[in-house]
Amino acid sequence: MVSPSHNAPGLSKNMAASGRHAGHYINKNSRSLLNHLDKLLGQRGFALSSVLRQQTATLQNDSTEAIVIPRKKTWGKEAVLEALASTVNRDPTAYHYQFQDDPYLSPRTSAESKLYSMSQESGRAAAKYFVDMYPKYFTKDFAEPHIPCLMPASVALSLEEVSEEALKERIGLRKVGAAVEMYDQLVQAGTPISKQMTYDLLDLICFYGDREPAQEGEPEADQTEASAEELRRKRGRFHRASDTLRGVWRENNNAERLFRLLPEREARCYSAVIRGMVKHGAFAKAFDMYTDMLNNRLTADVDIFNALILAVPEMREAYTEKVDFITDLLNQMSQQKVQPNLQTFNNVLKVLRRCGALAKSISLQTLSEMKALGIAPSLASFNHLLAIFYKGGSAADYPTDILQELLSEIETISFTCQDPEDVWFFSSAMKICLETKDMKLGYKVHSLVGVGDNWRLLGDSYQQGMFYYRFFSLLCLMEHVDVVLKWYHQLMPSLYYPNPQGMRDLLQALDTESRLELLPSIWKDVKTLGHDNKSDLVEELLSLMAREKHSPEVQESFADCALDIKAAFDVDRRKPSLEWSPLALGHVTTLLLRAGRIPQAWEMMQLFKSKNRIPSEALLEDFLSQCSGAPTTAVELVKLSAAFCLPATPQLAQRVLLEFDLTEDQRTTLSELESSWDHNE
């Protein structure tokens, strides 16, 4: 494909030619039209003729003016794709586009969506691995124009001699161990190394904590290298989130060794080491390094202060001490004339989340300071603010005006990702709407997602699933069932895969609005979503269908649905299957009885005996009421009751003797059952 910008000069000439022809055509036709009108209206309006002639003169003068056309129009790389995408809308009935290449892998649940998407990424990573490891087999370039990212990347070391170029190659390929080894060889050989190259090596070592970076698909080694002694020390005490990072920064590692070997230490060196220490859990050493930098009369940069602010909660326990520590660091920034940036204030707000109620007033002051400096908050800033004001507890105590004012300010803004924690805002905001049961706020949060590219900030599949789960649960609680069903069909399956709790919320909404005739269609969706092996969900659906009687048409659909549910119990599959409970057996039997399907209902009664489940007396009475004209079935029902030693057996036997036309053998059998029960009593 050739980019539109490549043919811009020719395109400009064609556009200019077309413009001249169009102007000449308009001018010619306008003169002809005005002359024709002048002849028709010449005797009735002399003033009109002069006006028309004046307009003609104006058009002639305008046509002689030069039309300035830009020599070149620069298009974005995705301009054509964006134009095509703007012509279509999202299909709510289709799965996500990444799954449409293989219909067999159409996910039904959020877990399957994550599994299939990760499988695709794993396949791409495997293909990338072979392309990069064996580039000589992938030399053909099919893309036009050339797409560098599709060609093999150089991941193997090509320079073996001891030189600064070899060191640069190892740093570029993120080979931490090989880069350190090459640096040591250069030092031993007495080869001078440039200051910039030494600083780049220090950055690499500090960023990865003097460890090799994990390859794609491999777990980080930082979580698995804690010593046994450290694990024993941590055992038996309260665990904090930072514990997983403690011990990662090893004593006297290559970063510290390289730092000590530097002939002169600039602020950049201190910045790399301090940020590496904070990232890998050496908080106290980071502050010691900062003190050493100040003693050497160096000025810290904004990245150093950003890292130190994040380390404050690990250095102080009391809320007031944390706030005082943050204030002291900000004052030092002002004294050293260091301009804070967005990350500075986001880190302050993040630390304030761990400062209790003291953080509320200070967080608002922080936002005022951002506004005074002309720094626009990101979604992460707002997420930290919500976390400060909406602590766990009673939803009645939530200050909903904070979220209301916030959404009023940003409801038309399209955000871009500026902080890794931007992706948590929408899920947190919708959680607050759900806990406060504020449907109006929920709609505002959802509409904000649709502004510009804000949908890109919903996060990964889990965060996106939580956002839509909370929104859908709020709809089920607060909206009419017709509105709920409209949103249900818009969100599923293109954006949302309801979990079992989401389906239970939908069942409760249908029950509240007395729309139980829709339950069979909901059961089909339950099967499609793979929730037909969740016993509590299936039993709740059965109980709603069997709770009361409905019209014959509805009862027929309920009976068909009950048989389909029975098949779900009986199917042999690899995933955990359902176990028949007395309630489930009773509900299915009741639904079949109400539809007049006596033979199938009797098969369900036999399952009570084979599954060792005891039927209720009410179910036996209902079954007997439906057995008119079937004395054999009635007698077998009494036998079944006697086999379970149910107290209702004598009453059932009496009813059968009085209400049914029995043979002598059947009467004898019932009399024996009745007498044996009296004898046992």
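Residues numbered from 1 in each chain as written. Predicted model: local features only at pLDDT ≥ 70, side-chain atom pairs only at ≥ 80, totals over all residues. Heavy atoms only, no water.

A short note on the pattern of salt bridges
Oppositely charged side chains are able to pair whenever their charged atoms sit close together. Note the cut-off: For this document, the term salt bridge refers to a Lys or Arg side-chain nitrogen within 4 Å of an Asp or Glu carboxyl oxygen. What counts as a helix is a DSSP run of H or I of at least four residues, what counts as a strand is a run of E of at least two, and both are numbered from the N terminus. Relative accessibility under 20% of the residue-type maximum defines a buried residue, over 50% an exposed one, and the middle range a partly exposed one, all with a 1.4 Å probe and only protein chains included.
Summed over all chains, the structure comprises 22 salt bridges. The salt bridge involving Arg268 is made with Asp200; its shortest N-O contact spans 2.8 Å. In this pair, Arg268 is assigned in helix H10 (residues 267-279) and Asp200 in helix H7 (residues 195-207), connecting sequence segments 68 residues apart. Note on Arg268: relative accessible area 30%, which makes it partly exposed.

Re the nonpolar core
Threshold: To define a nonpolar core, start from buried Ala, Val, Leu, Ile, Met, Phe, Trp, Tyr and Cys residues and group those joined through side-chain atoms within 4.5 Å. Contacts are assigned to residue pairs that have any heavy atoms within 4.5 Å of one another.
In terms of nonpolar packing, the biggest core is built from 169 residues, with Leu202, Leu403, Phe425 and Phe426 touching the most fellow members. Counting residues per element, this core draws most heavily on helix H20 (residues 461-478), which supplies nine residues. Contacts of Phe425, omitting those with residues within four sequence positions, involve Leu379, Phe382, Asn383, Leu386, Leu406, Ile410 and Leu448.

Regarding helix H23 (residues 519-528)
Among the residues of H23, those classed as buried are Leu519, Pro520, Ile522, Trp523, Asp525 and Val526. Each element contacted by the buried residues of H23 is listed here: helix H21 (481-491), helix H22 (500-512), helix H24 (535-546) and helix H25 (552-570).

Description of the confidence of the model for the protein chain
Here is the rule: Each residue carries a pLDDT score, the predictor's own confidence in it, on a scale running from 0 to 100.
Residues with a pLDDT of 70 or more make up 82% of the protein chain, whose mean pLDDT is 81. Segment residues 1-31: pLDDT under 50, and 22 contacts once partners within four positions in sequence are set aside and those in other chains are kept. For residues 36-59, every residue scores under 50 in pLDDT, and the model assigns this stretch 10 contacts once sequence neighbours within four places are set aside.

Description of a negative patch on the surface
What counts is decided by this rule: Within the patch definition used here, like charges are joined within 9 Å and nonpolar side chains (Val, Leu, Ile, Met, Phe, Trp, Tyr) within 5 Å, considering only residues with over 30% relative accessible area and no salt bridge. Using the Shrake-Rupley algorithm and a 1.4 Å probe, accessible areas are obtained, with residue cover drawn only from the displayed protein chains. His is not counted, nor are the chain ends; Lys and Arg add positive charge and Asp and Glu add negative charge. Note that the charge is assigned to NZ on lysines, CZ on arginines, CG on aspartates and CD on glutamates.
Together, Asp401, Glu405, Glu409 and Glu411 line one region of the surface with negative charge. Tracing the backbone through its elements, the reader meets Glu411 in the loop between helix H17 (400-410) and helix H18 (425-436). Residue class for Glu411 comes out partly exposed when judged on its relative accessible area of 43%.

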